[in-house]
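Descriptive analysis of the structure
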Amino acid sequence: MINFEIAKLKLLFPRLRPYLLAVLAGFGVVGVLITLMGRNPLDAFSTIITVPLGTAHGLTETFKKFVPILLAGFAYAIPFHARLFNVGGWGQLLFGGIAVTIVGLSLSHSPPPLFLFVPLLILVGFLAGALWAVVPAVLRAYFGVHPVISTIMMNFIAVYLVNYVASTAPWAETEAAFAGHPKTLPLPTEARLPPLGIGGHAGLIVAIIVALAVYFLMKKSILGYEIKAVGANPTAAQVFGISIKRVTLLSLILGGAMAGLAGAIEVMGVHGRLIEGMEFTVGASLGIFGILSALMCACNPIGLPISAFFMSMLIVGADAMQRTMMIPVEVVFVAIVLMVLFIMMLGEKMKMR
Amino acid sequence: MLEDITTFLEVTAMSIVPYALCSLGIMLGARTGVLNISGEGAMLMGASAGFLGAYFTGNPLIGMLLALAAGGGLGLIFAWLSVGLKLNQFMMGICIYIFGMGLADFIYRLCFGVRVLPPLIGTLPKVAIPGLSQIPIVGVLFNQNVLVYFTFVLTLVLFLILYKTRIGLETRAVGENPRAADVLGVKVIRRRYVCVAIGAAMMGLAGAYLPMVFTGTYTPLMSAGKGFMAIGVAILGSFRPERILAGSFLFAGAEVMSYRLQLGTGIPWQFLLMLPFIVVLIVMWIFYKRAEWPAAIGIPYSRE
Amino acid sequence: MTKLSATIRKMLTGLTILGKKMMFWRKKAPAPKFLRIRKAKPGETVLEVKGITKRFPGVVANDHIDFKIKAGEIHGLLGENGAGKSTLMNIIYGLYKADKGEIFINGEKVTISSPVDAIEHKIGMIHQHITLVPEFTVLENIVLGMKREKGLLGLGLKEERNKVLELSKKFGLEIPLDAKVKELPIGVQQKVEILRTLYRGAEILILDEPTTSLVPHEVDKLFTSLRVMVRKGLTIVFITHRIREALKVCDRITVLKLGKVRGILEMKGATPKKLVEMMVGKEIEISKSIMFAKLTKKRISPVRRSKKPILVVRNLKVLEKKVPVVRDCSFEIYKGEIFGLAGVTGNGQKQLLDTMIGLRKADKGDILINGKNIRDLSTFDILNLGCVYIPGDRIKEGILPLVTVAENLILGCHKDKQFCKKRFFLSWLDLKSLSGTSKELISGYSIKTPNEKALAATLSGGNIQRIMIARAFSRPASVLIADNPTRGLDALSTEFVLKKLIECKSKGIAVLLLSENLDELLKLCDRMGAIYRGEIVDTFERKNFNKYKIGLAMTGGRG
C-alpha cells in the first residue's frame, strides 16, 4: 500500500515540475517589478504567503474567496472539455446573485426556516446561472455563434441589470443608490449561509459537494465522455451518434449553473445583499479569476480545487500586501496572469517533447 | 427632425472609431487566418498607454504612438503564442485579454496611485474640412477629429491593398489556404506575425480614442466590451473593410440611440445601456452562419 | 489653417508608415521566366540527391537515399504508402529540411531551403492534395506569389494573362482563366497546378500521386500531356504507389521501401512481379495477396443473392445551400454483397453517405434498412439498427485524438449495456469492461500501441484505420458503409482491410464500398454503381466490369 502511494507521488512530481517553474517565474518577474518600485520583494512575498495561511482571519478570507473562484472555474472548465469557451462566468454569477436577492427579498416578510430557505435559494442560484447561459448555448447549438462573443455580451447586460435591481424599489436601499454605490436591502437572516468557523461559511460545503460531483461527471459519466468526445473531434463524435447540439447545450448550461451558484453563495454568505461591484477583487471579477484558475490546471477536475485555493491565497495575500506595504494589488494580478501564460507555454513544450 | 438626424450622424461618426479601428485590426489578422479576440485587452492597454503618453508629454500624437506600440506589443506576444508556439488562438486571446486588462490598470495605478480626482487631458479638437463640411446634414461627417478621418482613410487604404494589390492577394491566400501560399514561396509565418501585430496596434489606437475623445481620462474597464463587439462587427462584415465600416456605423448608432432614448422614453437607463449588447446578440444570431470566413482561420500552420 | 495642416501632416505620416511597412514585405522572387535552352542534354543527369536522410519523431522517413534523374525522362518513384516518397520530394522542393544529404542540379551543388529556392532552380511540384486557393480565380492562383512585371501595386493582370494563354496553348492545357477554382472539377484543377509551375519556368516537374482522383480516360490524357511536356524539354518525376501506372508511363523506375532505395529498373527489364517484390518484400505473400492479385471477373467469394435487398436507396435528393448535390439517386444492396460506388471525389458521395448516416436531412426519397425507413432517424438510432460506418477522413471524422485508444474504440457503442451502467437517472462508464474489451480488440486487430491508455493521436495512420475497423467489426451489423477504407495505408494494412471486407460477405453483411481507387473496386465488388453529380449514372454487374466504361460513367457519359 505504501509503495503504491510513493510510486504515485513519484509519477506526480515530474508532472508538477512545469507548474513549479511557472509559479517561480511569475514570482520572479513580479519580484523585479516590486524592486523597481522601491520595495523589498521578499517582504512582499512573505506577506502574500503568511497572511492567508498563517493568520486565522487570513485563512477564513481565503476560504471565502475559494468557494466562488472554484465554482467560477468549473463554469469555464466544464464547457472547455467540449471546446467551448464560456467567458460568461461573470454575468452568470451576477444573475445568480440577482435571482437569489429578488427571491430572498420577496419572501422577507415571512421567510421559511433556514434549513429550507437556504437550499431553496441555492437551487435558485443554480437555475438562474443556468438560465443566463441559455441564450449563448442556444445561439451556439443552433446558430453557430461563438460562445466567447455571446457570453461576454451577456456579462455586460448582467452588470447593468445588477445596477437596476440595486437602484430600484422595492429592492434597493435608496440612500445608497443616490450616493453612487447601489445596493439592495439586506436579506433576512434565514436566507444567509451559516458561518463555518475558520472555513468561512457553509458555502464551503456546497463547493466540496460540487467538486466531487464534477469529478464524477467528467471522469466516469456518459455525459462526461460525450463532452470530451465533442471537444476532441466534433465531426467524429457526430458521425458516431453523439448529438452535438445536446452536448453543447448541456455543457454550457451546466457551466452557467456553476457560476450562478457562486453568485448565490456570495450574496448569501458574504454580503447578505446584492451590491454593485461585489464581484470584483484585486482588480478583476471573480469570474476572471475562475477562468485563470481553470487555465492554470488545464481544466483538470482534480487540479482545479488546488489552483483555485492557490489563487485565493494570492488574492488575500495581495490585499494584505497593499494594506501593509502600499504595493498596488495589480502587481499580483499581473503575476498570476504571467504564471498562467508560462504554464500554458511550458505545457505545450512538454507535449512537443 | 433634420436637426436630430444631423446631430445623430455627427455623434455616431464620432463614436464609430473604436468599433471600426478595432474591427479592422481584427480583420487584418483574420485575413491571414489568425483570429485575435484579445481586442478588449489591447484597447485597454492602448487607452492606458495613450492617456499616459498624452498626459505626461502634453502631446496627443505621442499618446497615439504609444498606444500603437502598446497594442502592437500585445499583438506580438499573442502572435508568438498562437502562430509561433501554435497554442489555441481562442485561449491565448482570452489570456492576452486578461493580461492587457490587468497591465493597463497596473501601469495607470503605478503612475497615479489612487486619486479622488482623476487626472485629465484635453480632448481632441474637431477639424472641419473646408467645403465638404458645409454640406447640409452629411457635412457633419467632415467636421470631426483627426482619428475619424484616419479611420475612413484607413478603411479605403486597406480595401485597396487587400483587393487590388499583389500583397493583398498573398495575404488573403495565407488565410484561405496557407499551404498553397507556402508552396509558392509566400512566407506564411512572417505574414501572420506582421498582420497580427499591425492589427493589434490598430486596436491599441482604437483604445486610445476613448480617453482622448470621450472622457479625457482613463478608467478601468472603460472600453465596456467594445473590443468584443468589434469581433461581432468583423464577423458581420465578413472580414471586408467596407462592410466593417458599415457594421461599425450600425453598432455606433445603437450606442448613440441608447443614450438618446434615455431622455424621451420612460425606460430605465440601465436597460437602454444594454441595447448595444442586445443588438450584437441579435446581429450574431442572424448573420453568424452567413458570414464568409477565411477558410484557414483558427488553424495553426506547420509544414509537416 | 494650422490645424488643417497638422491634420494633413498626421495623415501623411500614417500613410508613409504603412507604405514603408509594405516595402519591407517585398521579397525578391524572380520574375516569370520561360523555357530557355536547357543546360543539360537529354540523357545527362539533371537532378541528383546523395545520402538524403530525414527523421521524424519515431520514424526514419528517408534513410540515406541516392537518387538520380536524367534530363528529358519520365522517372517513376514507386513505393507503398509510407515509404518516404513524398518526404523526399518535399525535401527537394524546399518544404522540409533534410537532416543529412546533398542536392545537385546539373552537376552543381545547391541549397534549397524553401520553395522560393526550388522555384528558382526551375523545380515545380504538384502535390497530392490540391494546393490552390479555392476562393480565387485560376489566373489569380497562377500569378500568386510573383512580382509584377512593371509597377509597384495593382492587380491588373493583362500581361500575365497573355503569357498564361501562350503557355496553355503550347502545352495543350486549356483552362478557363476567370473561373473560381472551387467550381472546377479536380482534373481541371490539376491542370491549373501544372500551368502554375510552368508559368514559373519549371523544367523539372514533380507530380505526387497525380492520378488519385482521375478516371481512366483522364489518366490517359494526363499521360499524353506528360509525354508532350517531355518532348518540349521538361523532365518529370512521377510519384505513385500504383504499379500499372508506373509501367505505363515511366522510362525508369526507382523503388522505395521504408525510406531506402530498393532498386532502379529500366523499362525494358521491369515486370509487375519484380516491382511488387521490391516494394513490399517478404511482408506479404504475393500469391495470396488481394492487393496485387490480377484483375479477373471471377468473384472472390460467392454471393447468395436473396430476393429482398437489405439496403435500399430510392430516389434520394439532398440539397446543400438550395442546390441539389444528390439527385434521384437509387440503388440496392443485397445480403453478403459488396456494392461499389465509383466516383470522382466531389460528385455527391460524401453528402450521400452523410444522409445515409443521419448527419444530413434528405429533401426527397427514402433509405431503407431491412425494410425500415431510416431517412429521418438520428445517427444514434441508425447505428443501433445495425449500420456501421467507416468514415473517409480518419483524422477529421474517425478518431478523437486527445482521448485514449480505449475510449476511441467504444465511440458509437458507448451507450451499450456492456459499457454503461445505469442507476436512477445517472449513467456511467464501466471502466473495467471497457479496458477488457479494448485489450481484446487491440490484439485481435493488431493495433500497434503501448497500451489501451495511450492517446490515439500517437498512432500511425495504419493503426488509426485499424481502430476504425475494429470499431466497425466488433458490433453485430447488417450494413457496412466504408468510405475509402484503404486511403493512405501501407501495403500490410491495406491487405488487412481488404481481407476484412471480404469476410463481411460470409457474415452476410451488405457492404457499400466507396473508393477513389477503381482497381480496388474492380477486384472486390460484386456490383458497382458509377456516381456523377449526385446521380447513379449506371450500374454494372461483375461480369460486365469494364474499366473504361465505368470511368466514362464516372464523368457523366452513358455507355
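This is a predicted model, so every value here is computed, not measured. (Residues numbered from 1 in each chain as written. Chains lettered and ligands numbered in written order. Predicted model: local features only at pLDDT ≥ 70, side-chain atom pairs only at ≥ 80, totals over all residues.)

Each helix and strand in chain A was counted, giving 15 helices and two strands. Relative to a compact globule of 353 residues, whose C-alpha radius of gyration would be 20 Å, chain A shows 21 Å and is just as compact. Projected onto its principal axes, the C-alpha coordinates of chain A cover approximately 60 × 60 × 45 Å. Relative to its 353 residues, chain A shows a buried fraction of 59%. Within chain A, residue pairs in contact and separated by at least 24 positions form 78% of the contacts whose partners lie at least 6 positions apart. (Helix = DSSP H or I, 4+ residues; strand = E, 2+ residues; numbered from the N terminus. Rg over C-alpha atoms; globule rule 2.2 N^0.38 Å. Buried ≥ 20, exposed ≤ 12 C-beta atoms within 10 Å, placed from the backbone. Contact = placed C-beta atoms within 7 Å.)

A word on the overall build of chain B. When you go through chain B residue by residue, the secondary structure sums to 12 helices and two strands. Secondary structure elements of chain B, listed N to C terminal, follow the sequence α-α-α-α-β-β-α-α-α-α-α-α-α-α. For 304 residues, the compact-globule estimate of 2.2 N^0.38 gives 19 Å, and the C-alpha radius of gyration of chain B, at 19 Å, lies within 12% of that figure. The buried share of chain B, reckoned over its 304 residues, is 59%. Long-range pairs, those at least 24 residues apart, make up 77% of the contacts in chain B between residues at least 6 apart in sequence.

A word on the sheet that holds strand E7 (residues 204–208) of chain C. Residue and element names in this part refer to chain C. What the six strands build is an open sheet, ordered E6-E7-E8-E3-E9-E10; its pairing is mixed. Whereas interior strands pair on both sides, the edge strands pair on one side only; in this sheet they are strand E6 (123–126) and strand E10 (260–266). Strand-to-strand twist of the sheet, defined as the mean angle between neighbouring strand axes without regard to direction, takes the value 20°. Alignment of E7 against strand E8 (residues 235–240), held across five bridges, turns out to be parallel. Residue pairing in the sheet places isoleucine 206 in a bridge with valine 237 of E8. (Pairing = 2+ DSSP bridges. Axes fitted to C-alpha atoms, helices over the stretch in contact; angles between N-to-C directions.)

Turning our attention to unusual backbone geometry. In the Ramachandran plot, serine 446 of chain C falls in the positive-phi region, its phi being about 50° despite a non-glycine side chain. Under the C-beta neighbour-count criterion, serine 446 of chain C is labelled partly exposed, with 13 such atoms within 10 Å.

Moving on: the confidence of the model for chain A. Per-residue pLDDT for chain A averages 86, and the proportion of residues at 70 or more is 93%. Per-element confidence in chain A ranges from a low mean pLDDT of 70 for helix H8 (residues 174–179) of chain A to a high of 95 for helix H6 (residues 134–143) of chain A. (pLDDT = per-residue confidence, 0-100.)

So, on to the interface of chain A and chain B. Between chain A and chain B, the contact holds 35 residues from the first and 33 residues from the second. At the level of secondary structure, the elements contributing two or more residues to the side of chain A that touches chain B comprise H6, helix H7 (147–167), helix H13 (286–296) and helix H15 (330–352) of chain A. Ranked by residue count, the leading element in the side of chain A that touches chain B is H7 of chain A, at 11 residues.

Here we take up helix H5 (residues 158–171) of chain C. Residue and element names in this part refer to chain C. Here H5 contains 14 residues, and its C-alpha end-to-end distance of 20 Å stays within 8% of the 20 Å for a straight helix at 1.5 Å per residue. Three or more residues of H5 are buried, namely Glu160, Val164 and Ser168. Seen end-on, H5 carries its buried residues on one side only, within an arc spanning 70°. Across from the buried face of H5, at angles greater than 90 degrees, the exposed residues are Lys158, Glu159, Asn162, Glu166 and Lys169. (Expected span 1.5 Å × (residues − 1). Arc of directions from axis to C-beta.)

Turning our eyes to something else, we now look at the packing of helix H4 (residues 89–106) of chain A against H7 of chain A. Each pair of packed helices can be described by the angle between their axes along with the distance between the axes. Residues and elements named next belong to chain A. Running from amino to carboxyl end, H4 crosses H7 at an angle of 30°, the nearest separation of the two axes being 7 Å. Taken together, the axis directions place H4 and H7 in an arrangement best described as roughly parallel. Both H4 and H7 take part in a crossing whose hand is left-handed. Residues Trp90, Gly91, Leu94, Phe95, Ile98, Thr101 and Ile102 of H4 form the contact with H7, whose participating residues are Thr151, Met154, Asn155, Ile157, Ala158, Val159, Leu161, Val162 and Val165. (Parallel < 35°, antiparallel > 145°, perpendicular 65-115°, else oblique. Left-handed = near helix turned anticlockwise from the far one by under 90°.)

Below, the discussion takes up the nonpolar core. With 412 residues, the main nonpolar core has Leu71, Leu292, Val337 and Val340 of chain A together with Ile206, Val511 and Leu513 of chain C as its most contacted residues. Apart from the residues lying within four places of it in its own chain, the contact partners of valine 340 of chain A are Leu292, Leu295 and Met296 of chain A together with Cys95 of chain B. (Core = buried A, V, L, I, M, F, W, Y, C linked by C-beta atoms within 7 Å.)

Right, let's talk about the sheet that holds strand E2 (residues 59–70) of chain C for a bit. In a beta sheet, neighbouring strands pair by backbone hydrogen bonds and run either parallel or antiparallel. Residues and elements named next belong to chain C. Read from one edge to the other, the open sheet built from four strands follows the order E2-E1-E4-E5, with strand pairing classed as antiparallel. A single partner strand is all that each edge strand has here, and the edge strands are E2 and strand E5 (108–110). Put simply, the sheet's adjacent strands are angled 25° from each other on average, direction ignored.

What follows is about the pairing of E10 of chain C. For a regular strand, side chains alternate in direction, first toward one face of the sheet and then toward the other. Residues and elements named next belong to chain C. Bridging between strand E9 (residues 252–257) and E10 involves six bridges; their strand directions are antiparallel. Each bridged residue has a counterpart across the sheet, and for valine 255 the counterpart in E10 is glycine 263. Where E9 folds back on E10, the antiparallel hairpin that results is connected by two residues, among which leucine 258 adopts a positive phi of roughly 50°.

Residue and element names in this part refer to chain C. The pairing of strand E11 (residues 311–320) with strand E12 (residues 323–333) spans seven bridges and is classified as antiparallel. Note on E12: the bridge partner recorded for glutamate 320 is valine 323. Between E11 and E12, which follow one another and run antiparallel, lie two residues, and lysine 321 among them has a positive phi close to 50°. Inspection of the sheet shows E11 paired to strand E14 (residues 364–369) by five bridges, in the antiparallel sense. Counted as the bridge partner of valine 313 is isoleucine 367 from E14.

All names here are of chain B. At a minimum axis distance of 10 Å, the contact between helix H9 (residues 226–236) and helix H12 (residues 275–287) shows a crossing angle of 30°. Between H9 and H12, the interaxial angle falls into the category roughly parallel. As H9 runs across H12, the sense of the crossing is left-handed. Residues Met229, Gly232, Ile235 and Leu236 of H9 touch H12, and the partners they reach there are Pro276, Val280, Val283, Met284 and Phe287. Of the residues assigned to the contact of H9 with H12, the class counts are eight nonpolar, one polar and no charged. (Nonpolar A, V, L, I, M, F, W, Y, C, P; charged D, E, K, R; others polar.)

To continue, consider the environment of methionine 125 of chain C. Residue and element names in this part refer to chain C. As for its position among the elements, methionine 125 is in strand E6. According to the C-beta neighbour criterion, methionine 125 is buried, with 26 such atoms within 10 Å. As for methionine 125 and isoleucine 206, which are separated by 81 residues in sequence, their C-alpha atoms are 4.6 Å apart. Ignoring anything within four residues of it in the chain, the contact list for methionine 125 reads Met89, Tyr93, Ile206 and Asp208.

Take the environment of serine 446 of chain C next. Along the chain, the position of serine 446 of chain C falls in the loop between helix H14 (431–444) and helix H15 (461–473). Separated by 50 residues in the primary sequence, serine 446 of chain C and phenylalanine 496 of chain C have C-alpha atoms spaced 9.8 Å apart.

Residue and element names in this part refer to chain B. Between its first and last C-alpha atoms helix H10 (residues 241–264) spans 35 Å; for 24 residues at 1.5 Å apiece the expected length is 34 Å, and the two agree. Turning to H10, its buried residues are Pro241, Ile244, Leu245, Gly247, Ser248, Phe251, Ala252, Ala254, Glu255, Val256 and Ser258. In this fold, the buried residues of H10 make contact with helix H1 (2–31), helix H5 (146–164), H9, helix H11 (269–273) and H12.

Glancing now at the environment of valine 261 of chain C. All names here are of chain C. Inspection of the secondary structure assignment puts valine 261 in strand E10. Here the alpha-carbon distance between valine 261 and lysine 317, two residues 56 residues apart in the chain, equals 50 Å. With residues near it in sequence (within four places) discarded, valine 261 still touches Ile65, Asp66, Phe67, Thr254 and Leu256.

This paragraph deals with the confidence of the model for chain B. Mean pLDDT over chain B works out to 90, with 100% of the residues at or above the 70 mark. Model confidence for the complex: the whole-complex pTM is 0.86, and ipTM, which rates the interface, is 0.90.

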